[in-house]
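Topology and contacts: notes
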Amino acid sequence: MSVSDQFPPHTQQTSDGLHPPSSSSSYSPSVKLPPIITNMDSRWKNWWIRGIFTFLMVGTFCVIIYLGPLCLTLLAMAIFLKSFQEIISIAHNKYKEFNIPLIRVLNWYFLLISAYFLFGDNIFFYYSDYVETHQGLLSILSKYHRIISFSVYVTGFVIFVLTLKKEHYQTQFGMFGWTHVTLFLLGTQVYFIIQNIFEGLYWFLLPVSLVVVNDISAYLCGFFFGRTSLIQLSPKKTWEGFIGAFVCTIIFGLVMAHFLSMYDYFVCYRAEPPCDRSSLYILQEYHIGSLKLFLYPALFHSLPFSIFASLIAPFGGFFASGFKRAFNIKDFADVIPGHGGIIDRFDCQMLMATFANVYYFTFLRSPNPSKLLGSLLALPLYQQQQVYEKLQDHLKQLGALE
């Protein structure tokens with residue numbers, strides 16, 4: 001659920017059954033609030049709680065960005081694990097009465113296998129130059145990563161089949177399907193997110209920040225000016241919030257794209273400056289009539305990102321809203337006061353991450369000199385000599401060498 005989506009009070013599913021939630025706001029009752037906030041009207045109280053914890057999350061996120069792509073990757077994996085737990089807990093509540101053999105063990109077994117594959121596949125690829133020049137366990141795990149992942153997965157598959165009970169067939173296969181669909185939906189997104197991080201923080205931070213700004217703008221515009229309901233699944237979303245967020249997101253996208261393009265840290269492969277900048281991040285001269293402007297070409301690519309963040313990404317939130325209504329729950333969890341669970345906070349980011357990855361790899365990605373050189377240096381000496389001789393012959397044919 002996005003910040004602009006406030007569910008009306010209704011029943012909430014817990015391990016004890018169905019009961020009305022204790023409050024219409026989604027913050028955890030275990031959090032002690034200052035009296036000045038506690039005594040506010042519920043609408044403004046929820047507004048302040050959301051705002052405070054939004055700033056805390058943004059501040060924490062900025063620190064992790066400073067720590068580099070590996071820390072961001074670990075954050076993405078942590079979000080993946082917690083998101084899976086939130087969704088699978090709904091299934092456990094649904095099927096808990098059947099006492100299915102090893103169901104929780106197998107759920108987490110398949111999750112950890114998926115996490116190992118997704119994390120390892122990207123790390124071994126983007127740090128292949130380091131892995132291949134350091135012989136040992138890391139090199140072995142890299143070389144046999146996929147066969148290891150597959151073998152461990154097949155072991156879990158066989159265990160699942162061996163634990164099938166005639167009286168639980170339908171329930172066991174339902175849970176198996178629930179687990180794998182969840183892993184597919186979440187796993188593909190986190191895989192793309194990790195790729196976006198290592199291809200250049202620009203392609204991670206721009207889409208993430210656009211969704212955040214669109215989300216906050218929709219909430220604020222809807223809070224202060226909203227009158228007309230936008231969609232039945234999320235009755236608190238308004239046309240006024242939607243239009244206001246669209247305008248704010250377009251403007252912010254241009255500013256953010258220019259800011260990120262200024263710094264090598266955000267545009268370099270693996271965030272390792274200095275680097276040979278792509279032409280996307282080199283100022284070009286443009287003329288509009290008599291007006292002369294110097295702009296980064298990357299700014300123009302921010303427009304499709306902003307449009308997608310405003311028009312399509314919110315459907316991730318609508319999907320999550322429909323899912324929660326189907327199971328009669330208010331939030332996926334209450335780990336973030338004023339926001340709900342991890343899925344409630346990141347539902348719109350999932351579609352956006354996929355779009356960013358597809359757009360970048362389809363239209364913008366080019367061979368990276370740093371990665372090519374790293375792969376070359378990882379080759380045995382005689383193969384490096386072969387590459388050198390072939391490259392020398394090629395350059396002579398082109399007239400670049402005498």
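Everything numeric in this text was worked out from a predicted model, so none of it was measured.

Along its length, the chain carries 16 helices and six strands. Counting over 402 residues, the chain shows a buried share of 44%. Partitioning the contacts of the chain with sequence separation of at least 6, the portion at a separation of at least 24 is 72%. Carbon and sulfur atoms form 68% of the exposed surface of the chain, whose accessible area is close to 21400 Å².

This structure, assessed with the given rule, holds 36 aromatic pairs. Ring geometry for Trp178 versus Phe327: centroids 5.3 Å apart, planes at 65°, classification edge-to-face. Taken together, the residues span a long stretch of sequence, with Trp178 in helix α8 (residues 169–199) and Phe327 in the loop between α13 (314–326) and α14 (342–364) at a distance of 149 residues. According to the relative accessible area criterion, Trp178 is buried, its value standing at 14%. Overall, the relative accessible area of 21% leaves Phe327 in the partly exposed class.

Next up on the list: empty space enclosed by the protein. According to the stated counting rule, one finds two cavities of 30 Å³ or more in the structure shown. Surrounding the largest cavity, Ile103, Leu106, Asn107, Phe110, Phe160, Gln172, Met175, Phe176 and Thr179 form its lining.

We now examine the state of the cysteines. One pass over the structure, following the stated rule, counts one disulfide. Residue pairing for Cys268: its cysteine sulfur links by disulfide to Cys275, the two sulfurs lying 1.9 Å apart. Every disulfide takes its handedness from the sign of the S-S torsion; for Cys268 and Cys275 that torsion is -80°, giving left-handed. We classify Cys275 as partly exposed; its relative accessible area is 23%.

With an omega dihedral of 0°, the bond running from Pro273 to Pro274 counts as a cis peptide bond. Inspection of the secondary structure puts Pro274 in the loop between α11 (264–267) and β5 (284–288). Positive phi, close to 55°, is recorded for Ala271, a residue that is not glycine. Using a relative accessible area of 10% as the deciding quantity, one classes Ala271 as buried. A positive phi angle, close to 60°, is found at Asn328, a residue other than glycine. The residue Asn328 is located in the loop between α13 and α14 in this model.

Running from N to C, helix α4 (residues 103–126) and α8 point in directions that differ by 20°, and their axes come no closer than 10 Å. By the angle between their directions, the pair α4 and α8 is classed as roughly parallel. Of the two elements, α4 crosses α8, and the hand of that crossing is right-handed. Taking contact as the criterion, the partners of Ile103, Asn107, Phe110, Leu111, Ser114, Leu118, Asp121, Asn122, Ile123 and Tyr126 in α4 are, on α8, Met175, Phe176, Thr179, His180, Leu183, Gly187, Val190, Tyr191, Ile194, Gln195, Phe198 and Glu199. For the contact of α4 with α8, the per-class residue count stands at 13 nonpolar, seven polar and two charged.

Turning our attention to the environment of Met57. Relative to the elements of secondary structure, Met57 occurs in helix α2 (residues 42–67). On the basis of relative accessible area, Met57 is assigned to the partly exposed category, the value being 26%. The residues contacting Met57, other than those within four sequence positions of it, are Ile336, His339 and Arg345.

Our focus in this paragraph is the confidence of the model for the chain. For the chain, the average pLDDT comes to 85, and 88% of its residues sit at 70 or higher. Confidence drops under a pLDDT of 50 for residues 1–30, and excluding neighbours within four residues, the segment shows 93 contacts in the predicted structure.

A cluster of nonpolar side chains, namely Ile140, Tyr144, Ile147, Phe150, Val154, Phe157, Val158, Val161 and Leu162, defines an oily patch on the protein surface of about 830 Å² accessible area. Ranked by the residues each element gives to the nonpolar patch, the list is headed by helix α7 (residues 145–162), at seven residues. Within the element layout of this structure, Tyr144 appears in the loop between α6 (137–143) and α7. Since its relative accessible area comes to 40%, Tyr144 is described here as partly exposed.

Turning to the pairing of strand β4 (residues 234–238), a few remarks are in order. Taken together, the two bridges between strand β3 (residues 229–231) and β4 define a ladder with antiparallel strand orientation. When the sheet's bridge partners are listed, Ser229 is paired in β4 with Thr238. Between β3 and the antiparallel strand that follows it, β4, lie two residues.

Parameters at a glance
Residues numbered from 1 in each chain as written. Predicted model: local features only at pLDDT ≥ 70, side-chain atom pairs only at ≥ 80, totals over all residues. Heavy atoms only, no water. Helix = DSSP H or I, 4+ residues; strand = E, 2+ residues; numbered from the N terminus. Buried < 20%, exposed > 50% of the residue type's maximum accessible area, 1.4 Å probe, protein only. Contact = heavy atoms within 4.5 Å. Areas by Shrake-Rupley, 256 points an atom, 1.4 Å probe, with all protein chains shown as cover. Phe/Tyr/Trp six-rings, centres within 6.5 Å; stacked < 30°, edge-to-face > 60°. 1 Å grid on protein atoms, 1.4 Å probe; cavity = no way out; pocket = protein on both sides within 12 Å on 5 of 7 lines; lining within 4 Å. Points joined across faces, edges and corners; volume = space filled by probe spheres on them. Disulfide = S-S within 2.5 Å. Axes fitted to C-alpha atoms, helices over the stretch in contact; angles between N-to-C directions. Parallel < 35°, antiparallel > 145°, perpendicular 65-115°, else oblique. Left-handed = near helix turned anticlockwise from the far one by under 90°. Nonpolar A, V, L, I, M, F, W, Y, C, P; charged D, E, K, R; others polar. pLDDT = per-residue confidence, 0-100. Patch = residues over 30% accessible without salt bridge, like charges linked within 9 Å, V, L, I, M, F, W, Y side chains within 5 Å. Salt bridge = Lys/Arg side-chain N within 4 Å of Asp/Glu carboxyl O. Pairing = 2+ DSSP bridges.

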